[in-house]
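Descriptive structure summary
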Amino acid sequence: MAAQRRRGAELERAILRAAADELEANGYAAMTMDRVARRAGTNKNAIYRRWPQRAALGVAAYKYVADARTPTPDTGSLRGDALELLRQANATWSSPRGAILRDLLAAAADEPALLDLLRAQAGASAMSAAWFTLLARAVARGEAPAESVHPRVASLPMTLLRGEYALRGIPAVPDEVLVEIVDEIFLPLVRGRAQPVA
C-alpha cells in the first residue's frame, strides 16, 4: 500500500520538524535542503516553495519548536508571571532547543539575511505574545497602567536576557539575575509608564 501523500499544513509541520531535528543534530552550518528533505520524506521543491532560502527555513524551524512550548504563566501577579516567563525562556535557551537559537545567532554574524529574519521572528513569536498577555492581565488587575502595554516594554526582559547570553557566554543565566531584571528594571519601568512625560 502506497504512503498517503501529505499536503498543506501536515507537510509543512513535517518539514519544520525535520529542519528542527537537523538543526539540533548537526547545526545550522551543516543544514541543507537535501538533508531536511530526506528527514521529512519529501523533495526539495516542496521546501523551496515554502522557504526559498535556508535562512528562512532555519528561523521558521526554530519558531515552530519554540512557539509549541511557550505557555503563558498566570500566577496572579505581574512579578510572578514575569519571573516565570523569564525562567521558561532561560530554561529553553540553555536546552538543546536553545542551542538552535544560539547557533542561528552565531551564523547571523556572517549572513545578514538571517539576522533580519531573526529580528522579524522575534516580534512575531509566541514569547512576544506572552509578554503582551501578562501585561494586559496586570492592567486588568490594576497592577499596571494601560500605557505599559507597549512593544518596547514587552520586549525589554527578553532583550536583557539575550544580552546576558551574548555578553557572558554562559550556559544558563543565574536565577538572581532574572530576579534583578524583573525587580530592578522591568517592574519600575512598568510602574513608571503611569507618570506623565515632562
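Residues numbered from 1 in each chain as written. Predicted model: local features only at pLDDT ≥ 70, side-chain atom pairs only at ≥ 80, totals over all residues. Heavy atoms only, no water.

Here we look at the side chain of serine 95
Put simply, the test is: Helix and strand definitions here come from DSSP, where helices need a minimum of 4 consecutive H or I residues and strands a minimum of 2 consecutive E residues; each element is numbered from the N-terminal end. Exposed residues in this analysis have more than 50% of their type's maximum accessible area, buried residues have under 20%, and partly exposed residues fall in between, with area computed by a 1.4 Å probe over protein chains only. Pairs of N or O atoms within 3.5 Å make up the polar contacts considered here, provided that, within protein, one atom can donate a hydrogen while the other can accept it, and that residues adjacent in sequence are counted only when both atoms are side-chain atoms.
Checked against the element boundaries, serine 95 lands in the loop between helix 5 (78-93) and helix 6 (96-108). Overall, serine 95 belongs to the buried group, its relative accessible area being 16%. Among the polar contacts listed, one links the side chain of serine 95 to the backbone oxygen of threonine 92, at a separation of 2.5 Å.

Regarding the packing of helix 5 against helix 9 (residues 151-168)
Packed helices, taken two at a time, are described by their axes: the angle between them and the distance between them. Going by this rule: Think of each axis as a best-fit line through the C-alpha atoms, taken over the contacting stretch in the case of a helix, with angles from 0 to 180 degrees between the N-to-C directions. By the definition used in this description, the sense in which the near helix is turned from the far one sets the handedness, with an anticlockwise turn below a right angle giving left-handed and a clockwise turn giving right-handed. The criterion used for residue contact is that any of the two residues' heavy atoms lie within 4.5 Å. Each residue gets one of three labels, nonpolar for Ala, Val, Leu, Ile, Met, Phe, Trp, Tyr, Cys and Pro, charged for Asp, Glu, Lys and Arg, and polar for the others, Gly among them.
It is at 11 Å that the axes of helix 5 and helix 9 come closest, and there the two elements cross at 35 degrees. The two elements helix 5 and helix 9 meet at a crossing, and its hand is right-handed. Facing Leu86, Ala89, Asn90 and Trp93 of helix 5, the residues of helix 9 in contact are Pro157, Met158, Leu161, Arg162 and Tyr165. Looking at the contact of helix 5 with helix 9 residue by residue, the class counts come to seven nonpolar, one polar and one charged.

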